[in-house]
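Structural characterization, general
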Amino acid sequence: MKLLTRYNRSTIAITTAIMLVAAVAYYFAITAVLSRQVDKALEVEEHEVRDYALLNGTLPHVFSTNHQAILFTSVNTPQQRKFVDTVYRDLKDEELESARALYTWVKVQGKQYRVVVVQSKVETEDLIKVIFLITLGLIVALLAALFFLNRIILSNIWKPFYKILEQLKAFNLAENSSVKTVPSGIDEFRELDSAVNLMADRVKDDYQALKAFTENASHELMTPISVINSKLDTFVQTGEFTDTQSRLLNDMYASVTRLTRLNKSMLLLAKIENRLIADKQDLNLKILVEEALNQFEEPIIAREITIESHLDDKPMKASLLLMEVLISNLISNALRHNKPGGFISTELNHLKLQVSNSSNADKLNTENLFRRFQKSASSEGSGLGLTISKQICDMYGFNLAYMHLNGVHHFIITFAPTA
Amino acid sequence: MKLLVIEDEAGLRESMEEYFNEEGSICETAFDFSSAMGKVNLYRYDCIVLDITLPDGSGLDILKHLKHEQHTDGILIISAKNSLDDRLNGLDLGADDYLTKPFHLSELRARVAAIVRRKSFDGNNHLRFKEIDIELSAKEVQINDVAIKLTPKEYALLLYFLANKGKVVSKNAIAEHLWGDSVDMADNFDFIYSHIKNLRKKMLEAGGNDYIQAAYGMGYKFTTA
């Protein structure tokens, strides 16, 4: 829910509730006030009757009006004075209307009379109705005004916020554009803006530092490995070796090679994860798959593995290096975990690339499959191959999935719709 | 062949110098930016092996200087910074090839040889060694004027051996040269053995000499004797 909607909803709800309570209180207050008014009119009438009786010694001559009536009844006992709610018969329409009556008494020449003054409350009720309607109209108008003012004022006030939000959404580390300052007269937004700018700058600095670190680490690690490798190359030129010596040398070569590959894999992974490889070129995945299969020609023949390929053209714009790594990783996995006389099948169309292989191994543990340094005991790889593949897929918005069906392992890359 | 190796790491520089210094080749070295600039301003080389990261400057500046002066020395960049920017930068600036550390000296030798060949023969080039004659542009090999048919990997292997005549080339170096990073299985070495067996057989059948010797379990050596 948008802030504006939420805010409007709460204010309108609360205002309406308050107005409702206020209206009820208002109604009763007005009614009470007007009742007092009517009671006063009745008292005035009472006084008039008494004054008249005192002055003239007779009961006043009364005639009923549309709203008021006075009745005299001769009584023997003294009467109580009281106000009561009653009904009044309209003279004209003969309708019963709510009314207010005053029971009182008067003494004329020693005789007790009960006096009942009745006054219709029709006018009062009409008045209340009018007042209530006017108030209701005012409330509705007020609410509407509140609603629209909120809308206009809030959306204006929050404009810088949405601008900052837009910039944050468009923020891209690899691009060199920086976040622009959004001017605003509101302190909170100015603070938010400067915080966002500060953060963006810091993130960019960190990113640059990381990039530099990756390269420096590469340099610092590769140099000693380089020296070892070149010294070994020089050393083997020096003369004859015994079997033991050449076995030791071969082990050293193998270890240096392994170290190099591990280092390269880790650096590649770091680079992919930090989006340091941004080059893009036109390439056709079909050609890359065919090249990879050729590259593995010897081990494929040696293991008597059958290749089934259904390859369509799949042009895309991506980093050649990363696509080569991705395809080579999948195919070398399919080869490495195959069985003698087994098969590898590759299928490529514009939607997906699927690499399937036969194997003696059971279904792989899908939970740890793409984690770093997860490898089977028999594997000679670094345990980074699938992690790198997954990262490459993530980078391009592809989906990399693993399936195990009828003893066949499938790795399926589903391409993003735009790629 | 006259070479200049510009490399600040003493261990690596000495190895390269020792590996390159052979009959008929002269290998000079420079260990920093200023001494390198001094040498490239005074002498011309068939190929300059250039490390990008130097203690007092960037190898790319030396490259720019050479191109600005329109010197035609071949240039092979070696760098531990396997960053794509550097690679593209270097090649855009006119370097002939780019090699990432660590590398085998035999690989370096093969790349340098390829650059020198390209520079000196302008594409229409033959590589001759005794009775072996290689037409490089067509990738055709003749022995005693008899054409022999080699697979792409056998051809690459023969060129690799010729660039490293008289040196022991380790199986690791051969595997990396032929298959790159992608195949890292121990049975690579069996494939090397079968490729070498086939290459040797084809050369012998065409009446050539047997130059390829196994070198004490380490690898192979292309003898010049």
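Source: prediction; values computed, not measured.

Criteria and cut-off values
Residues numbered from 1 in each chain as written. Chains lettered and ligands numbered in written order. Predicted model: local features only at pLDDT ≥ 70, side-chain atom pairs only at ≥ 80, totals over all residues. Heavy atoms only, no water. pLDDT = per-residue confidence, 0-100. Helix = DSSP H or I, 4+ residues; strand = E, 2+ residues; numbered from the N terminus. Contact = heavy atoms within 4.5 Å. Axes fitted to C-alpha atoms, helices over the stretch in contact; angles between N-to-C directions. Parallel < 35°, antiparallel > 145°, perpendicular 65-115°, else oblique. Left-handed = near helix turned anticlockwise from the far one by under 90°. Nonpolar A, V, L, I, M, F, W, Y, C, P; charged D, E, K, R; others polar. Patch = residues over 30% accessible without salt bridge, like charges linked within 9 Å, V, L, I, M, F, W, Y side chains within 5 Å. Areas by Shrake-Rupley, 256 points an atom, 1.4 Å probe, with all protein chains shown as cover. Salt bridge = Lys/Arg side-chain N within 4 Å of Asp/Glu carboxyl O. Lys, Arg positive; Asp, Glu negative; His and termini not counted. Charge placed at Lys NZ, Arg CZ, Asp CG, Glu CD. Buried < 20%, exposed > 50% of the residue type's maximum accessible area, 1.4 Å probe, protein only. Phe/Tyr/Trp six-rings, centres within 6.5 Å; stacked < 30°, edge-to-face > 60°. Lys NZ or Arg CZ within 6 Å of the ring centre and 35° of its normal. Pairing = 2+ DSSP bridges.

1. Some remarks on the confidence of the model for chain B
Chain-level statistics for chain B give a pLDDT mean of 86 and a share of 92% at 70 or above. On the interface metric, ipTM, the complex scores 0.87, and its pTM is 0.65.

2. Some points on the side chain of Asn197(A)
Relative to the helices and strands, Asn197(A) resides in helix H4 (residues 187-235). Not counting residues up to four positions away in its chain, the partners in contact with Asn197(A) are Val179(A), Lys180(A) and Thr181(A).

3. Quick word on the packing of helix H2 (residues 33-42) of chain B against helix H3 (residues 59-68) of chain B
Residue and element names in this part refer to chain B. Viewed as axis vectors pointing N to C, H2 and H3 meet at an angle of 20 degrees, and their least axial separation amounts to 11 Å. The orientation of H2 with respect to H3, classified from their angle, is roughly parallel. As for the relative orientation of H2 and H3, their crossing is right-handed in sense. From H2, Phe33, Ala36, Met37, Val40 and Asn41 reach across to H3, where they touch Asp61, Ile62, His65 and Leu66. Class assignment of the residues belonging to the contact of H2 with H3 gives a composition of six nonpolar, two polar and one charged.

4. Side note on a negative patch on the surface
Residue and element names in this part refer to chain A. Side chains of Glu290, Glu291, Asp312, Asp313, Glu324 and Glu347 sit close together on the surface and give a patch of like negative charge. Tracing the chain through its elements places Asp313 in the loop between strand S6 (306-311) and strand S7 (315-318). Looking at Asp313, the relative accessible area reads 51%, which means it is exposed.

5. Observations concerning the packing of aromatic side chains
All chains considered together, the criterion is met by 17 aromatic pairs over all chains. Here the aromatic rings of Phe161(A) and Tyr162(A) are separated by 5.5 Å at their centres, their planes lie at 80 degrees, and the arrangement is edge-to-face. Between the NZ or CZ atom of Lys2(B) and the centre of the ring of Tyr45(B), over which it lies, the distance is 5.0 Å.

6. As for the sheet that holds strand S8 (residues 126-129) of chain B
Residue and element names in this part refer to chain B. Read from one edge to the other, the open sheet built from four strands follows the order S8-S9-S10-S11, with strand pairing classed as antiparallel. Every interior strand has two partners, whereas the edge strands, S8 and strand S11 (146-148), have only one. Each neighbouring strand pair of the sheet contributes to a mean axis angle of 25 degrees, computed without reference to strand direction. Two strands pair when backbone bridges link them, and strand S9 (residues 132-135) and strand S10 (residues 140-143) are joined in this way by four bridges, in the antiparallel orientation. When the bridges of S10 are listed, Asp133 appears paired with Gln142. Packed on one face of the sheet, helix H6 (residues 152-163) meets S8, S9 and S10 and runs near 115 degrees to S9.

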